[in-house]
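# A look at the structure
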There are 2 protein chains.
Amino acid sequence: MATRINTGGSKAAPQKTKPPARVAGPVPQIPVTEVFPVIEDGLWPAKAVEGESFPVRATVFRDGHDAYAAEAVLTNPNGTDTMRARMHEIGIGLDRFEAWLLPKRPGDWTFRVESWSDPYTTWLHDAGIKIPAGIDVEVTLMEGAKVLKRAIAGEAIQNPTQKPLPAAAAKTLRTAIKKLTDTTLTPEKRLEAGTKPQVVRVFNDYPLRDLIGASRAYKLQVDRERALTGAWYEIFPRSIGAHKTGDGEWVSGTLRSAAADLDRIAGMGFNVVYLTPIHPIGTTFRKGRNNTLTAEPGDPGSPYGIGSAAGGHDTIHPDLGDFSDFDWFVAQARDRDMEVALDIALQCSPDHPWVTEHPEWFKRRADGSIAYAENPPKKYQDIYPLSFDEDPEGLYRAIKAVLELWIKHGVTIFRVDNPHTKPVAFWQRLLAEMHLAHPQVLFLAEAFTRPAMMRTLAEVGFHQSYTYFAWRNNPWELGEYLRELAEDTAHFLRPTFWPTTHDILTQVMVDGGENAYLMRAVLAATGSPTWGIYSGYELVENVQRPGFEEAIDNEKYEFKPREYDSIRAVAISKMLQTLNRARAEHPALQRLRNLTIHETTHDDVLCFSKHLDAWESPNGHADTVIVLVNMNPHWRATGEVHLDLSRLGIPAPGADSGWTVMRVRDLLDGQVYDWGARNYFDLDPALRVAHVFAVENL
Amino acid sequence: MATRINTGGSKAAPQKTKPPARVAGPVPQIPVTEVFPVIEDGLWPAKAVEGESFPVRATVFRDGHDAYAAEAVLTNPNGTDTMRARMHEIGIGLDRFEAWLLPKRPGDWTFRVESWSDPYTTWLHDAGIKIPAGIDVEVTLMEGAKVLKRAIAGEAIQNPTQKPLPAAAAKTLRTAIKKLTDTTLTPEKRLEAGTKPQVVRVFNDYPLRDLIGASRAYKLQVDRERALTGAWYEIFPRSIGAHKTGDGEWVSGTLRSAAADLDRIAGMGFNVVYLTPIHPIGTTFRKGRNNTLTAEPGDPGSPYGIGSAAGGHDTIHPDLGDFSDFDWFVAQARDRDMEVALDIALQCSPDHPWVTEHPEWFKRRADGSIAYAENPPKKYQDIYPLSFDEDPEGLYRAIKAVLELWIKHGVTIFRVDNPHTKPVAFWQRLLAEMHLAHPQVLFLAEAFTRPAMMRTLAEVGFHQSYTYFAWRNNPWELGEYLRELAEDTAHFLRPTFWPTTHDILTQVMVDGGENAYLMRAVLAATGSPTWGIYSGYELVENVQRPGFEEAIDNEKYEFKPREYDSIRAVAISKMLQTLNRARAEHPALQRLRNLTIHETTHDDVLCFSKHLDAWESPNGHADTVIVLVNMNPHWRATGEVHLDLSRLGIPAPGADSGWTVMRVRDLLDGQVYDWGARNYFDLDPALRVAHVFAVENL
């Protein structure tokens, strides 16, 4: 009796194995479990950007001893499978498999894991033992011929999707079958015919898949590349062009005067210009310079104290201009290949129109007054937080309308101030609706708070997140943080690294001065695909307001026009330009999941590399960058770095020897070295704070 | 304008906050994420048994600074919430919460996590700072009164399920409100009225829940207690009562002669008697004594070589009796409060009727012959594995019919031989249908294989699993394994510990002799809620077949009648009886998730405790057992054990001092000691291999 096989054309009814409907989550014939990346039971999508490869992992195993295989499969928003990648075991004995997939355009994709029984590999293994041992010789060779015949005909067990082989491949197998079944030949010759490289190649290219099955399909939200990769420059537009009149009164800068700085910013290679809020500013309880409780006449107030009689979040501060000026600013930025990111701070000054028009959008106290922000005993009387308790729907619609307005005027990125003080469910809904209506618009979460909140904001749809980077100031902790961001959370959280912001000035910048500014810029620009600089960075504005981890004479409370033509500012600007050029020219620096930490012999020196294989590189060439940073801005560090060459895509004969295996070119100063697995370094901050090496083949 | 509140009776339409349908997995207002236990995205149920408490964990956090709370909620198969437990933070700074739930009867339950904003605790915190500091005194006290009024009326924000307070509780709050709002009193007195213990208690008993929300409901399969807890005794029925005739020929024991041993087995406190297969045995390629390739005349053959002309899996070996004998055996066992577990080995001898009736249920080779079991170059020609490739549906139905037959004849437990050599998808379907039709019937997986397969068999429905226990032979590795079983896998895998089986005889038993048999019995009986003994254990049958980790003269291939009246056998039987009595009298020993490893100063000595709080104990009393075992059967061990008293439910003043805090009574020999946090032990295997202490209060 011949084996009954389900082929594409046969009626499969008598062999159906589909479990009854009551089995939820039926396991494939070759089980696939514990798929990664999966967020909240697969209800929320994992993340990638166009052109970014990401790892899929699964536990795949089977009953009995026969061979099996698995592939990760990527499906585009139209439902078409666009890529299949054979999975490889990564935890021997643990049946854990991995493959990398690469979505090529934005949209709502899915991925799954397919598994099957591999009869050819099973036969290769068994025949390789039995024929030399003289066991079951004839039937074993016939079994081989049978597998080859099934492959030619596309007859796979319980797999109606198997297709017959193309003619050339079929011919290869037919030749093999002839010899396999030729009893005039020796068993060894016959075996050789069935196991020779040409035959193996046919089965590699067109595997015979018995008992095929698949995991569930999991969601993958693919965003445009800027969601992962960008170089940001933060400005307070009112400062640029601000000046004092003859009688000592300040005149605000405008959107048009701010635009005058765009050439300089673009010239340094930044591609996002981020504007702190540009709305009217309240006068009630307005803060004075250095966060004093009462403003002096002429103090402009904090742009985060949003709203006045002139309007609220949908209005431009009259001093800055009007919507035509804004449109012009956006156009000027676009002309220089820069996007405009707008700050969205969902809070109101007491003078915001919503306070009188919609008191139900605020928390009202027992005496009917509106609650200001507080963290008892601290009071922030210049700020009224919004409250979603009374009229969540109305407030939601108002906020959405604000965003729609700015999107209409060319804003493509929102930098969201303190999202963790608004309900996560609100963001989840807003980001879901924005994703549907404006998938190109990106949201950056400024949530410096506990891990669960930061993680969940990213999971519910924020495209990018500020991180703890500014507070990771030794190689051990920053190395571990880089690894965590690259490996543990990259499937939902895209980091952005800022050495300073208008709110953050850490001790290392105060103590380390110019060296620290250079060093932290290198770390930010190379450690994360998105990094950002707050204006004034070029001037090493590193004096803190006493007792606070932020700059004195903070720009939030005063005009701060700057001159960037000092020798020091020019030198730092050059370094920023060099870093952004290195990023632009090296796709490895534009990716997150491709990072490896390497060991150094010096406690102050961090080494990491980023590598892209040719297949996943946008220019089709493999790209490798090695970054070596002395994180102590004061002291020279010499020592050895021990590279894990296997992570650099470099053929590594004698990996532990002193052999030279590559040439490295420092992208900062152009110097060239011949390197191997172990390499000497000498990083004196007075001369250089870091190497950023591009790897070139010898 | 008064705050608009959703109450149960009001029309909530204008305030609806439900996200649009397109938000999959909407996060609750107070977010709940990363719920545990959840298996395969929640599609497969987590496990518990009736009367077994289990931990629920979740990440719960919120926007802003206000107080919040979470409860784990248990829902019975009828959809009724039967238990709510307030969750407590277990990872400070990580927002990770836990509570334990206790399902009381078998069935398909669910659990979920509810979260809410807690306005009273928020007010307690704020008022406690502001009133003493003299900030916003009047409005803060009014806010307190408002919260109390809302509680009385059952007016919670966005929570239509909130109910008005019962009269007594409402009266307590009304009294408090009177004082809170009495401006003739000092602010301190007014605050005191709103924060006094009686008021706090009202809010503890009837929390005011604003912004209530819930996680998804997750599946929980609750099985009867035997799924977790039991003492098994394994027999080959044919051996019991087997004897030689005068002319040296063996006469098989029968089900009726085997039943003669039930009194002895029940007398030792075992409650499951497990029968190796009782079906007809093939003669083709029958194995002889000690697994030799050819049987001698009179060799009975392995009961795992199932099937002959007399029948297959649905048939009883004629030598053992017939179905009336089987029914009688089951009845005899039941009379002694024992269940009968039957071995299911889904494989066939070449003489099994299925081989000729259903060749499509086997793998056929290219020459048309049926494939025997093999692991090249090893051949097992006495065994034909079943194959699900050709007619999975027909084979499925046949196997199901076999199980139904034995269930009809009183089998309540199946011990499944090598389930990992059959498709996992087959088990998933079979166990799902069995769970629906016969939820009381239990399945034990004998899969000594890699972790992924063992884990998944348990996840798809096996009620119990054999474990690596026999190969964990030092305190460090066994302690880590006990912890893993209690903490990491208890939500899906229920372990059974066997010191030996008919297939397994490890080196420690060979080397350690009687001491090892006593020691491993203590570990198995106390370390796992289910443990088992293979008959002959009492006789220390510890000689291996050379080169194999199994007993010589293996009972699989010969008759093995035994006499249990030697002094040694009686002594070991007494120990088994004592252990089973300790298990019966101490519910802490009948549970899995309640285990703690304690540090000892001796590398050979393992200490663990099991503790049940009174609320979760079936007899309503807290129960604590401390087990201290010298795992070296040869050498005396003395040293100190350092108990983590917080895990013993013992009030622990001066936990690190030498103070006596409890009395411990050794359940093995009745001796009593006064113990504290640090205790001396002296375990000389010649005298005692272990202590099994019941903790008694001083």
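Note: the structure precedes this text.
Here's what I pulled together on the structure shown here. The shown structure was predicted, so the numbers you read here are calculated from the model rather than taken from an experiment.

We now examine the overall build of chain A. For chain A, the count of helices and strands is 15 helices and 32 strands. Looking at chain A as a whole, 60% of its 698 residues qualify as buried. Taking the contacts inside chain A whose residues are at least 6 apart along the sequence as the reference set, 74% of them involve residues at least 24 apart. As displayed, chain A offers around 26700 Å² of accessible surface, 52% of which is attributable to carbon and sulfur atoms. Across chain A, the 75 positively charged side chains and the 91 negatively charged ones have centroids separated by 8 Å.

Right, let's talk about the sheet that holds strand S31 (residues 678-683) of chain A for a bit. Residue and element names in this part refer to chain A. Strand order in the open sheet formed by 8 strands is S30-S29-S32-S27-S26-S25-S28-S31, with antiparallel pairing between adjacent strands. Whereas interior strands pair on both sides, the edge strands pair on one side only; in this sheet they are strand S30 (672-676) and S31. Each strand of the sheet is rotated relative to its neighbour by a mean of 35 degrees, with strand direction disregarded. Sheet analysis places strand S29 (residues 660-666) next to S30, joined by 5 bridges and oriented antiparallel. The residue of S30 that forms the bridge with Arg-665 is Val-672.

On to the relation of the copies chain A and chain B, then. Superposition record for chain A on chain B: RMSD 0.1 Å, screw rotation 180 degrees, translation along axis 0.0 Å. Such values leave the two copies arranged in the relation of a two-fold axis. Among all residues of chain A, the one whose C-alpha sits closest to the rotation axis is A:Asp41, at a distance of 2.0 Å.

What links the strands of a sheet is backbone hydrogen bonding, and the strands pair in either a parallel or an antiparallel sense. Residues and elements named next belong to chain B. Read across the sheet, 4 strands follow the order S1-S3-S7-S6 without closing on themselves; strand pairing throughout is antiparallel. Because the sheet does not close on itself, it has two edges, and the strands there are strand S1 (32-36) and strand S6 (88-91). Neighbour to neighbour, the strand axes of the sheet diverge by 35 degrees on average, direction disregarded. Summarising the sheet, strand S3 (residues 54-60) and strand S7 (residues 96-101) pair through 6 bridges and their orientation is antiparallel. By the bridge assignment for S7, Phe-54 is matched with Leu-101.

Any two side chains of opposite charge can pair, so long as their charged atoms come close to each other. Residues and elements named next belong to chain A. Within the structure shown, the criterion is met by 98 salt bridges over all chains. Residue Glu-446 pairs with Arg-415 through a salt bridge whose shortest N-O separation is 3.3 Å. Of the two residues, Glu-446 sits in strand S21 (residues 442-446) while Arg-415 sits in strand S20 (residues 413-417), which places them 31 residues apart along the sequence. With a relative accessible area of 5%, Glu-446 lands in the buried category.

Right, let's talk about the interface of chain A and chain B for a bit. Counting residues at the interface gives 87 residues for chain A, matched by 84 residues for chain B. Taking both sides of the interface into account, the surface hidden between chain A and chain B amounts to around 7400 Å²; carbon and sulfur atoms contribute 55%. Across the contact surface, chain A and chain B share 14 salt bridges. Residue B:Arg216 pairs with A:Glu40 through a salt bridge whose shortest N-O separation is 3.0 Å. The interface formed by chain A and chain B holds 35 residue pairs in polar contact (both at pLDDT 80 or more) in total. Among the elements of the structure, strand S1 (32-36), helix H1 (119-133), helix H2 (137-153), strand S10 (218-223), strand S17 (373-375), helix H10 (392-408), helix H11 (424-437) and helix H12 (451-459) of chain A are those that each provide at least two residues to the side of chain A that touches chain B. A per-element tally of the side of chain A that touches chain B places H11(A) first, with 7 residues. Per-class residue counts for the side of chain A that touches chain B are 40 nonpolar, 16 polar and 31 charged.

Looking now at unusual backbone geometry. Residue and element names in this part refer to chain A. Of note, the bond from Phe-36 into Pro-37 is cis; its omega dihedral lies within 30 degrees of zero at 0 degrees. For Pro-37, the location among the structural elements is in the loop between S1 and strand S2 (46-49). Its identity is not glycine, yet Asp-136 carries a phi of approximately 50 degrees, on the positive side. Locating Asp-136 in the fold gives a position in the loop between H1 and H2. What makes Asp-136 buried here is its relative accessible area of 18%. In this model, Asn-418 sits at a positive phi of 45 degrees, which is unusual for a non-glycine residue. Among the secondary structure elements, Asn-418 is positioned in the loop between S20 and H11. On the accessibility criterion, Asn-418 (26% relative accessible area) is partly exposed.

For the rest of this paragraph, the subject is the packing of H1(A) against H2(A). Residues and elements named next belong to chain A. It is the contact of H1 with H2, at a shortest axis distance of 10 Å, that shows an interaxial angle of 160 degrees. As summarised for this structure, H1 and H2 are arranged roughly antiparallel, according to the angle between their axes. Like other packed secondary-structure pairs, H1 and H2 cross with a definite hand, here left-handed. Note on element contacts: H2 touches H1 through Val-137, Thr-140, Leu-141, Glu-143, Gly-144, Val-147, Leu-148 and Arg-150, opposite Pro-119, Tyr-120, Trp-123, Ala-127, Lys-130 and Ile-131. For the contact of H1 with H2, a count of residues per class yields 9 nonpolar, 2 polar and 3 charged.

Here the focus is the packing of aromatic side chains. This model, assessed by the stated rule, comprises 58 aromatic pairs over all chains. Where B:Trp354 meets B:Trp361, the ring centres are 5.1 Å apart and the plane angle is 85 degrees; that geometry is what we call edge-to-face. Each member of the pair B:Trp354 and B:Trp361 is classed as buried. The rings of A:Trp232, A:Tyr274, A:Phe448, A:Tyr466, A:Trp471 and A:Trp498 are connected pair by pair, giving a single aromatic cluster. Between A:Arg472 and the ring centre of A:Tyr481, over which it is positioned, the NZ or CZ distance is 5.1 Å. We note B:Arg256 situated over the ring of B:Trp328; from NZ or CZ to the ring centre the distance is 4.6 Å.

Residue and element names in this part refer to chain A. With 5 of 5 residues buried, S21 is to be regarded as a mostly interior element. Bridge analysis of S20 against S21 gives 5 bridges, and the strand direction is parallel. Bridging across to S21, Val-416 finds its partner in Ala-445. Handedness of the crossover joining S21 and strand S22 (residues 464-466) through H12 is recorded here as right-handed.

All names here are of chain A. Most of strand S4 (residues 68-75) is tucked away, with 7 of its 8 residues classed as buried. Across 8 bridges, S4 lies against strand S8 (residues 107-117) in antiparallel orientation. Its bridge partner being in S8, Tyr-68 is matched across the sheet by Ser-117. Looking at chain direction, S4 and strand S5 (residues 81-86) are connected through 5 bridges and run antiparallel. Paired with Val-73 across the bridge in S5 is Arg-84. Following S4, the chain reverses through 5 residues before pairing antiparallel with S5; Gly-79 in that reversal takes a positive phi of roughly 90 degrees.

Residues spaced three or four apart along an α-helix point in a common direction, a consequence of the helix completing one turn every 3.6 residues. Residues and elements named next belong to chain A. Here helix H8 (residues 323-335) spans 18 Å end to end across 13 residues, near enough to the 18 Å set by a 1.5 Å rise per residue. For H8, the complete set of buried residues consists of Asp-325, Phe-326, Phe-329, Val-330, Gln-332 and Ala-333. One side of H8 holds all its buried residues, which, seen down the axis, span an arc of 160 degrees. Buried residues along H8 sit in contact with strand S11 (230-235), helix H6 (255-259), helix H7 (262-267), strand S14 (272-275), strand S15 (339-345) and H10. Among the residues trailing H8, Asp-337 stands out with phi positive, at a value near 60 degrees.

Thresholds, definitions, all that
- Residues numbered from 1 in each chain as written.
- Chains lettered and ligands numbered in written order.
- Predicted model: local features only at pLDDT ≥ 70, side-chain atom pairs only at ≥ 80, totals over all residues.
- Heavy atoms only, no water.
- Helix = DSSP H or I, 4+ residues; strand = E, 2+ residues; numbered from the N terminus.
- Buried < 20%, exposed > 50% of the residue type's maximum accessible area, 1.4 Å probe, protein only.
- Contact = heavy atoms within 4.5 Å.
- Areas by Shrake-Rupley, 256 points an atom, 1.4 Å probe, with all protein chains shown as cover.
- Lys, Arg positive; Asp, Glu negative; His and termini not counted.
- Charge placed at Lys NZ, Arg CZ, Asp CG, Glu CD.
- Pairing = 2+ DSSP bridges.
- Axes fitted to C-alpha atoms, helices over the stretch in contact; angles between N-to-C directions.
- Least-squares fit on C-alpha atoms with pLDDT ≥ 70 in both.
- Salt bridge = Lys/Arg side-chain N within 4 Å of Asp/Glu carboxyl O.
- Buried area = accessible area lost by both parts, 1.4 Å probe.
- Polar contact = N/O pair within 3.5 Å; in protein donor to acceptor, adjacent residues only side chain to side chain.
- Nonpolar A, V, L, I, M, F, W, Y, C, P; charged D, E, K, R; others polar.
- Parallel < 35°, antiparallel > 145°, perpendicular 65-115°, else oblique.
- Left-handed = near helix turned anticlockwise from the far one by under 90°.
- Phe/Tyr/Trp six-rings, centres within 6.5 Å; stacked < 30°, edge-to-face > 60°.
- Lys NZ or Arg CZ within 6 Å of the ring centre and 35° of its normal.
- Right-handed = clockwise from strand over helix to strand, strands pointing away.
- Expected span 1.5 Å × (residues − 1).
- Arc of directions from axis to C-beta.

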